[in-house]
Amino acid sequence: MDDRRDLFDRWLSTRIKSVQAQARSEAVPAFRVGRRPRRATRVLGSSLAVVLIVVVAAVALITHQGTGEQSAPPSSPGSVVPWLGLPAAQHPTSRTHRGIEACAASTLAVTATGEPFIGNGPANASSWMVVIRNVGNTVCFIGPTVDVAFITPGGRQRLPRLSNGDPSGDIIYLVPAGSTSAATEAVGDLNAGCMPLGTRLELSPGPTLGSITIDPGPPGGAGPPCANPKGPYWLFLTVCCYDGPIGRPAPQAQAVIDAPNTVHRGQRTHFLITVKNAPQNTTRPCCVTLPPLPTVTLKPCPVYQEELEGVAGTAVAYTLNCGQARPIGNDGTETFEMFITVPIGAHPGPAVLAWRFISPDNLANATAYIEIAP
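Residues numbered from 1 in each chain as written. Predicted model: local features only at pLDDT ≥ 70, side-chain atom pairs only at ≥ 80, totals over all residues. Heavy atoms only, no water.

Okay, the packing of aromatic side chains next. Within the structure shown, the criterion is met by 8 aromatic pairs. Geometrically, the ring pair formed by W83 and F339 is edge-to-face, given 5.4 Å between the ring centres and 70° between the ring planes. Remark: F339 occurs in strand β20 (residues 333-341) and W83 occurs in the loop between β1 (80-81) and β2 (86-87); sequence separation between them is 256 residues. Taking the relative accessible area as the measure of exposure, F339 reaches 14% and is therefore buried. Seen from their ring centres, F150 and Y233 are 5.8 Å apart, and the 70° between their planes marks the pair as edge-to-face. Placement of the pair is F150 in strand β6 (residues 147-152) and Y233 in the loop between β12 (220-222) and β13 (234-235), with a sequence separation of 83 residues. (Phe/Tyr/Trp six-rings, centres within 6.5 Å; stacked < 30°, edge-to-face > 60°. Helix = DSSP H or I, 4+ residues; strand = E, 2+ residues; numbered from the N terminus. Buried < 20%, exposed > 50% of the residue type's maximum accessible area, 1.4 Å probe, protein only.)

As structure tokens, this is what we get:
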């Protein structure tokens, strides 16, 4: 035991002298030119911190014969902070209403009309205003988009939908027509590349839920009709005719989800969250420089919640893995690994992967449309 202490004391003395010499070599030139030696201070502070950590670890090793575990090093720029999976004391707030199922196509009425672009629309583009109503007898929900196939004179065309995360939004609950206490219809613009005249639309609310085919008439847009359809398409639905509160305050930072478009029942789904220290609205007047945003220090360590909206019982809260994350400076980013499990009893159909900080509240949030396959 004494021999190991002597070896450690000699190593520690040598290490401290090395750190002091390194700090002096960087500090002296800085003082000569009249500026504060910031990097030297950081080097000295961080190096001494490392020495202190090693001292504690070594004492523990000597005293307890090396029974402790060493944590992984902090993440480096461009890396992914691994998932921690530490349950939080806070209770998540679910946006899923139990007992309400996804709308089947047979309970929906869909209309689409061609509308011209306002201002300068993209060339060679087609658009329709889509309205979806619940004509069933009970409340049901749809996602912030639906699947669309284009039936042209040349046959049925399956064009790609824009990437996951676009569109983003929450589950939309639709009550039967005539109600004034909740959303009665969902509306949105369907945009795609130029479409041939006579194109019909086949819309489906999700896997196993059926489809509706409609004749929307000529599309609005810019450019002449073309012989072959072009993609991808885009359809983002929002609620109409709702007398309750709409929308949420703008979060302080941005968050983006990278998740699969389709998941399966019983699947432990891996996804990534990238938090960027920048305001949601990045539009700014010409020649105006905005002051830098304060660093997101991750102190105290934030708590987040994740949920598959539309699937009851999936909301859960965790503490972020701050021990391996870096503070996020102005316009900086940090990417975190995440997991969520799709219940084995989940119904096939639309869902929304919703992720947000709950402590501190409104720091950042993100949603992504996901389909649950059989």
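Within strand β18 (residues 303-309), 7 of the 7 residues are buried, which leaves it mostly tucked inside the rest of the structure. By the alternation rule, side chains of β18 split into V303, Q305, E307 and E309 and Y304, E306 and L308, which are all buried. Count of turn residues in the β18/strand β19 (residues 316-319) antiparallel hairpin: 6 residues, of which G310 carries a positive phi of about 100°. (Pairing = 2+ DSSP bridges.)

This next bit is on the state of the cysteines. In the structure shown here, the tally under the stated rule is 2 disulfides. The side chain of C103 participates in a disulfide bridge whose partner is C140; the two sulfur atoms lie 2.0 Å from each other. On the S-S bond that ties C103 to C140, the torsion sits near 95°, and the link is right-handed. Pair noted here: C103 is in the loop between β2 and β3 (108-114) and C140 is in strand β5 (residues 140-142), with a separation of 37 residues, a long-range link. A relative accessible area of 5% means that C140 is categorised as buried. (Disulfide = S-S within 2.5 Å.)

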